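# Structure assessment
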Amino acid sequence: MKGKILVAGGMGFIGSHTTVELINAGYDVVIVDNLSNSNADVLDGIERITGVRPAFYKADCTDMAAMRALFTAEKGISGIIDFAASKAVGESMQKPIMYYRNNLNILLNLLELMPEFGVKGFVFSSSCTVYGEPDHNPITEDAPTKKATSPYGATKQVSEDIIADVIRSGSPIKAILLRYFNPIGAHPSAEIGELPNGVPANLVPYLTQTAIGVRKELSVFGNDYPTPDGTCIRDFINVVDLAKAHVVALARMLEDKSDEALEVFNIGTGDGVSVQQLLDAFERATGVKVPYKYVDRRPGDIIQIWADPKRANEVLGWKAEATLDETMLSAWKWQLKLRERGIM
Ligand code: NAD
Ligand code: WQD
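This section reports on the structure supplied with the text. In this text, all values refer to a predicted model and were calculated from it rather than measured experimentally.

Here is what the cut-offs are and how they apply
- Residues numbered from 1 in each chain as written.
- Chains lettered and ligands numbered in written order.
- Predicted model: local features only at pLDDT ≥ 70, side-chain atom pairs only at ≥ 80, totals over all residues.
- Heavy atoms only, no water.
- Buried < 20%, exposed > 50% of the residue type's maximum accessible area, 1.4 Å probe, protein only.
- Helix = DSSP H or I, 4+ residues; strand = E, 2+ residues; numbered from the N terminus.
- Pairing = 2+ DSSP bridges.
- Right-handed = clockwise from strand over helix to strand, strands pointing away.
- Near = heavy atom within 4 Å.
- Polar contact = N/O pair within 3.5 Å; in protein donor to acceptor, adjacent residues only side chain to side chain.
- Areas by Shrake-Rupley, 256 points an atom, 1.4 Å probe, with all protein chains shown as cover.
- Nonpolar A, V, L, I, M, F, W, Y, C, P; charged D, E, K, R; others polar.
- Axes fitted to C-alpha atoms, helices over the stretch in contact; angles between N-to-C directions.
- Parallel < 35°, antiparallel > 145°, perpendicular 65-115°, else oblique.
- Left-handed = near helix turned anticlockwise from the far one by under 90°.
- Contact = heavy atoms within 4.5 Å.
- Expected span 1.5 Å × (residues − 1).
- 1 Å grid on protein atoms, 1.4 Å probe; cavity = no way out; pocket = protein on both sides within 12 Å on 5 of 7 lines; lining within 4 Å.
- Points joined across faces, edges and corners; volume = space filled by probe spheres on them.
- Salt bridge = Lys/Arg side-chain N within 4 Å of Asp/Glu carboxyl O.

## A closer look at the pairing of strand S6 (residues 174–180)
- Across the seven residues that make up S6, a large majority, seven, are buried.
- What you see with S6 is no split at all: Lys 174, Ile 176, Leu 178 and Tyr 180 on one side and Ala 175, Leu 177 and Arg 179 on the other are buried throughout.
- Here seven bridges tie strand S5 (residues 121–127) to S6, and the two strands are oriented parallel to one another. Each residue of the ladder has a partner; that of Val 123, found in S6, is Ile 176.
- Regarding the hand of the β-α-β motif, the stretch spanning S5, helix H6 (residues 151–168) and S6 is right-handed.
- Across six bridges, the pairing between S6 and strand S11 (residues 262–267) is parallel. Among the inter-strand pairings, Arg 179 is bridged to a residue of S11, identified as Asn 266.

## Some points on the site of ligand 2
- Around ligand 2, the structure places 18 residues, and the nearest of them are Ser 127, Tyr 152, Ser 219, Arg 234 and Asp 301.
- Separating an oxygen atom of ligand 2 from a side-chain N or O atom of Tyr 152 is a distance of 2.6 Å.
- Protein chains bury 87% of the 680 Å² of accessible surface belonging to ligand 2 in isolation.
- Looking at which element gives the most residues to the shell around ligand 2, the answer is strand S8 (residues 218–221), with four residues.
- Taken together, the residues that form the shell around ligand 2 break down as ten nonpolar, five polar and three charged.

## Digging into the packing of helix H1 (residues 13–24) against helix H2 (residues 42–50)
- One can describe the packing of H1 onto H2 by two numbers: an axis separation of 10 Å at closest approach and a directional angle of 30°. Judged by the angle between their axes, H1 and H2 are roughly parallel. Every pair of crossing elements has a handedness; the one defined by H1 and H2 is right-handed. Note on element contacts: H2 touches H1 through Val 42, Ile 46, Ile 49 and Thr 50, opposite Ser 16, Thr 19, Val 20, Ile 23 and Asn 24.
- Its residues placed into classes, the contact of H1 with H2 shows five nonpolar, four polar and no charged.

## Topic: H6
- Between its first and last C-alpha, H6 extends 25 Å over 18 residues, near the 26 Å set by a 1.5 Å rise per residue.
- Within H6, 13 of the 18 residues are buried, which leaves the element mostly enclosed by the surrounding structure.
- Gly 170 lies just past H6 and shows a positive phi near 100°.

## Focus: empty space enclosed by the protein
- Summed over all chains, the structure comprises two cavities of 30 Å³ or more.
- Within this model, the largest cavity holds a volume of roughly 120 Å³.
- Where the lining of the largest cavity is concerned, the elements lending two or more residues are helix H7 (203–211) and helix H11 (324–340).
- Taken together, the residues of the lining of the largest cavity break down into eight nonpolar, four polar and one charged.
- Space inside the second largest cavity adds up to approximately 50 Å³.
- Together, Asp 82, Phe 83, Ala 84, Ala 85, Asn 103, Ile 106, Leu 107, Phe 124, Thr 155, Lys 156 and Ser 159 line the second largest cavity.
- Of all the elements in the fold, those that place two or more residues in the lining of the second largest cavity are helix H5 (96–116) and H6.

## Some points on the pattern of salt bridges
- Per the counting criterion, the structure on display carries 21 salt bridges.
- Of the charged contacts in the structure, one is a salt bridge between Lys 146 and Asp 135, with a shortest N-O distance of 2.9 Å. Of this pair, Lys 146 sits in the loop between S5 and H6 while Asp 135 is found in the loop between S5 and H6, placing the two residues eleven residues apart along the sequence.
- Looking at Lys 146, the relative accessible area reads 28%, which means it is partly exposed.
- Members of the salt-bridge network, linked through shared partners, are Asp 44, Glu 47 and Arg 53.

## Quick notes on the sheet that holds strand S3 (residues 55–58)
- In spatial order, the strands read S3-S2-S1-S4-S5-S6-S11; together these seven strands make up an open sheet with parallel pairing. With partners counted over all chains shown, the strands left at the sheet margins are S3 and S11, one partner each. Here the strands of the sheet are splayed against their neighbours by 20° on average, with no regard to which way each runs.
- Packed onto the sheet, H5 meets strand S1 (4–8), strand S4 (77–82) and S5 and runs at close to 165° relative to S5.
- Helix-sheet contacts for H6 involve S5, S6 and S11, and the interaxial angle to S5 is about 150°.

All quantities given are derived from atomic positions and should not be read as evidence of function.
This is the structure we're talking about:
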């Protein structure tokens with residue numbers, strides 16, 4: 001075993017895929033999750049893919065006593081990946097206190113416990129949302145961050161600042177901030193994937209639910225943007241590729257491959273793909289037609305953003321590999337699996 005890793009929020013979409021990649025890479029994984037946005041069946045999926053059932057603590061990371069008990073029981077944790085957070089932009093506008101309380105208390109507890117239990121490396125799930133609307137694309141890590149347009153986005157900016165302050169204060173920990181672009185798709189086995197609660201706010205789950213007939217029609221928010229086809233542009237990153245970035249980031253800290261105590265990386269493909277192109281790719285990859293219509297712009301949407309992933313490519317030796325068509329097919333297979341299981 002390479003070491004014991006705590007995956008906070010490991011039952012969720014990105015956390016479950018990362019758990020699989022950590023196990024595949026030879027790490028011993030402990031998951032903590034309060035199941036507020038996930039469900040315990042995810043463990044079965046992870047076990048079916050890897051043959052390993054990771055230790056699972058159903059606990060709230062904002063509960064310091066529960067977290068201290070976990071670290072005491074699980075001796076020798078060397079790294080933490082912190083996925084645990086509330087992540088719905090719209091909901092954060094309605095419940096700002098809940099968002100700040102949850103997202104920041106999780107982080108503060110983990111950072112406080114790390115030196116106490118000798119944990120060395122910390123990977124944090126940040127987001128391209130910290131950049132706001134870019135002045136130019138592709139965007140690099142040193143581009144200025146802009147005032148967040150939602151409490152959710154603000155929690156990511158403040159979290160980045162908190163981690164920097166803790167390291168500046170002389171804490172012995174190392175941290176890597178991964179700024180994800182738009183994670184989509186599912187494990188190719190269709191054993192794990194994204195399980196949105198209620199009506200999806202994000203494009204791909206809405207699209208696959210429309211394709212399977214749960215939703216009547218996909219609304220494309222705006223086709224009059226100053227982009228080649230008039231729809232918004234994003235950098236859609238395959239979730240398995242994204243998961244692998246965490247494994248290399250962690251190894252970089254645990255194996256002392258860098259002297260830097262804090263580093264930040266964009267995790268994206270480097271390709272800007274429009275909403276229309278993504279829809280076309282889905283239809284091409286699956287052979288399934290999706291009913292859609294153009295509607296008004298969604299307030300607050302960024303027009304276009306895509307990553308310059310050069311730093312991650314060169315420094316981490318990580319690169320997105322899946323094609324958009326493969327990713328769309330994986331999302332569709334996952335949707336079919338949810339139907340088969342009677343979930344959707
Ligand atoms: P997710 O909701 O699927 O996973 C988060 C997990 O954390 C869930 O299983 C949830 O039950 C758990 N959790 C929440 N609060 C908790 C608490 N107090 N204690 C214990 N567990 C708790 O979300 P995801 O898409 O996998 O996102 C993971 C991380 O990546 C989040 O920090 C999110 O903000 C960030 N991120 C996500 C995206 C995206 O589009 N999915 C993009 C950029 C960044
Ligand atoms: C993508 C594009 C929509 C739904 C959000 C968060 C961001 C980050 C990733 C966490 C946009 C269009 C969508 C639909 C549509 N999360 N769309 N019809 O807004 O880029 O980013 O998730 O950190 O912080 O804001 O993702 O999937 O909602 O939208 O036309 O039904 O698809 O307008 O252009 P977004 P998204």
